[in-house]
Amino acid sequence: MTEKRYRFDTERRQFVTGLAALPLLATWPGHGRTQNPAAPVVPELRGIRFELSVGASPVNLTGKSAWAKTVNGSLPAPTLRWREGDTVELRVGNRLREDTSLHWHGILLPAGMDGVPGLSFHGIAPGESYLYRFRVRQAGTYWYHAHSSLQEAVGVYGAIVIDPREPDPIAADRDHVILLSDWSDEDPHAIVRKLRKQSDYYNLHKRTVGDFFRDARRDGFDAAVADRKAWGRMRMSPTDLADVTGLTYTYLVNGAPPAANWTALFARGEKVRLRFINGSAMTFFDVRIPGLRMTVVAADGQPVHPVSVDEFRIGVAETLDVVVEPAERPYTIFAQAMDRGGYARATLSPRSGLQADVPPLDPRPILTMQDMGHGGMAGHDMSQMKGMEGGCGADMKMPAMQHAGHDMSGGMIAHPASETGNPAVDMQTMTPSRALDDPGIGLRGNGRRVLSYADLKSTFADPDGREPGREIELHLTGNMERYTWGFDGIPFSKADPVRLNYGERLRIVLVNDTMMEHPIHLHGMWSDLENADGEFHVRKHTISVPPGHVRSYRVTADALGRWAYHCHMLLHMELGMFREVRVDA
Ligand SMILES: [Cu+2]
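This is a predicted model, so every value here is computed, not measured.

**Student:** I'd like a rundown of the coordination of the copper ion, residues and numbers included.
**Tutor:** Within the protein, the atoms that donate to the copper ion are His518 (ND1), Cys567 (SG) and His572 (ND1), at distances of 2.0 to 2.1 Å. Counting residues between consecutive donors of the copper ion along the chain gives the motif H-x48-C-x4-H. The same class applies to Cys567 and to His572, which are both buried.

Here it is, written out as structure tokens:
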């Protein structure tokens, strides 16, 4: 690496100033100590008493002015710094003209403090406030967000950093929050309306006739035709990796768009801890820092055995702490959206004003039938789809029994009766994978060491120790065309609560019967992910289930009350992939 790769970024500064794109400039109390004059500083509040006010503020994140919903006038919301063992009090006032709420994601607390309107409290009406008060029983990196309407999509999210009581086992000289998010100038309700009319409205990558001839040259004409037929039968597009994309989204780091180049500073020789939080409404990110290995030390706030990687995928609502040891030069923190339609970007630098090269976006990945659990045998590629006709073909609404004659070495999965003949279910996974070691669609074989769930191993044994006493299997379902989502083909509005017995240890098995990845979050309790052999693997609060996968995890029902359980893709939750979990005495 030579010095000439780095330059003072005067063009960028002019660009940003020219746009007047300093988001919420007037309201940034920390602006005077901004490390990079182009990017805002997110306020940090620490202590045990917090006054938070949810309101509306003008922003300019794209070159056009728009309205955001903000906390204390800040997007993202202020970083809250707590200490393990303290009892915190947070008074949250509502200055909006609609109800609001704040939910403390991944935090163990009494149900009445969880902040989900309709379940744990009544919400906060305009002009009113609510006092949250609970003891902090954990340490690490978390976040908080609105649980009302679609406010989370328009700015109501922020970081939580909890310092441990005991000296931190994770040694670092410096600490930065890297809060990733997605922003649209469009009203999220308008986005929902568009998706309900045309579910691929934001699909940047519909395949063209030219793509067909390229594939035909590469794979042969028959294979290319079979491929198109297979996808056509399912009325789906293999490029639908994200339902809302860079066509409308600008991707942010700590509230700053790529042009503003939010910068994290370090001094020579320091070990730097980066606390990645995916506070997006709808975007999975693939993150890397070219030229720098990252040692992953915690996932969803909980310590894991250190693992050194070049890249990781972070699902919506997940957090991941990494430690890096940069040389004395700038690095780009590059977070591309999973569908490659755009990226968030920041710089890790010894001085402000420097930047490193920003890599090009990776080629867009194409889903295969195998990705969706229609295969499972090695080498079962798209060209063999013809052999599957009458099985996984037709309109994908076949009950599992019709596959009984197939030799599926991956193991057939049964489907709940509620999926059969259900227009809310447009496909079923037949031979899903239990493996945790797949880095994921678009990340396989890219020459980089990519983190997978198999690499995330808790530093502690199963904290409960009991074998699960019973098992609940739920299928993640949807109909892409109708843009409707659910569990077992049933939307929240028509579903009974999932009932847990206080104190029991149980296993939840999630089968993904859709072509999208779903990050599933259970409130109030931990989700202890198991490996393919059913052994405790890693403690998390959000378990992401890729298409064509089964994931199982253990839950100790040690928190009484009514809890939310949902996909953290905001629009999937809003359109039905949500359940109440009730823990009864
Ligand atoms: Cu989802």
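**Student:** Please provide a residue-by-residue account of the packing of aromatic side chains, values included.
**Tutor:** One pass over the full model with this rule turns up 17 aromatic pairs. Plain terms: the ring middles of Phe121 and Tyr130 are 4.7 Å apart, the flat faces sit at 65° to each other, and that makes the pair edge-to-face. The exposure class assigned to Tyr130 is partly exposed, which follows from its relative accessible area of 22%. Judged by centre distance (6.0 Å) and plane angle (55°), the rings of Phe121 and Tyr132 are tilted. Residue Phe121 is located in the loop between strand E6 (103–105) and strand E7 (129–135), and its partner Tyr132 is located in strand E7; the two are separated by eleven residues in the primary sequence. For Tyr132, a relative accessible area of 0% translates into the label buried. Taken together, the aromatic side chains of Trp82, Trp104, Phe121, Tyr130, Tyr132, Phe134 and Tyr144 make up a single cluster linked through ring pairs.

**Student:** Kindly report on the sheet that holds strand E27 (residues 536–540), identifying the contributing residues and their values.
**Tutor:** Read from one edge to the other, the open sheet built from six strands follows the order E22-E21-E24-E29-E26-E27, with strand pairing classed as mixed. Across the chains shown, the open sheet's two edge strands, defined by having one partner strand only, are strand E22 (484–487) and E27. Averaged over all pairs of adjacent strands, the angle between their axes in this sheet comes to 25°, without regard to strand direction. As paired strands, strand E21 (residues 470–479) and E22 are joined by four bridges and run antiparallel to one another. Residue Asn479 lies in a different strand from E22, and its bridge partner there is Thr484.

**Student:** Go over the sheet that holds strand E30 (residues 561–567) with me, naming the residues and quoting the values.
**Tutor:** Read from one edge of the open sheet, five strands run E23-E31-E30-E25-E28, paired in mixed fashion. The strands lining the two open edges of the sheet, one partner per strand, are strand E23 (498–501) and strand E28 (542–545). Each neighbouring strand pair of the sheet contributes to a mean axis angle of 20°, computed without reference to strand direction. Bridge count between E30 and strand E31 (residues 578–584): six bridges; the pairing is antiparallel. Each residue of the ladder has a partner; that of Tyr565, found in E31, is Arg579.

Calculation notes
- Counting starts from 1 at the beginning of each chain's written sequence and moves along it residue by residue.
- Reporting in this predicted model follows two pLDDT cut-offs: at least 70 for local features of residues, and 80 or more for side-chain atom pairs to be given and counted; totals over whole chains, interfaces and linings ignore these cut-offs and use all residues.
- Values reported for side chains reflect all heavy atoms of the structure, with hydrogen atoms and water molecules removed beforehand.
- Counted as donors are N, O and S atoms no farther than 2.8 Å from the metal, or 3.2 Å for Na, K and Ca; water is not among the atoms, and sites may therefore look incomplete.
- Only protein chains enter the area calculation, which uses a 1.4 Å probe; residues under 20% of their type maximum are buried, those over 50% are exposed, and those in between are partly exposed.
- Two aromatic rings, drawn from Phe, Tyr or Trp (for Trp, its six-membered ring), form a pair once their centres lie within 6.5 Å of each other, and the interplanar angle then sorts them: stacked below 30 degrees, edge-to-face above 60, tilted otherwise.
- Elements are defined by DSSP. Helices are runs of H or I of four residues or more, strands are runs of E of two residues or more, and each kind is numbered from the N terminus.
- At least two bridges found by DSSP between two strands is the condition for calling them paired.
- All axes here are fitted lines through C-alpha atoms, helices being fitted over the stretch that makes contact, and every angle between N-to-C directions spans 0 to 180 degrees.

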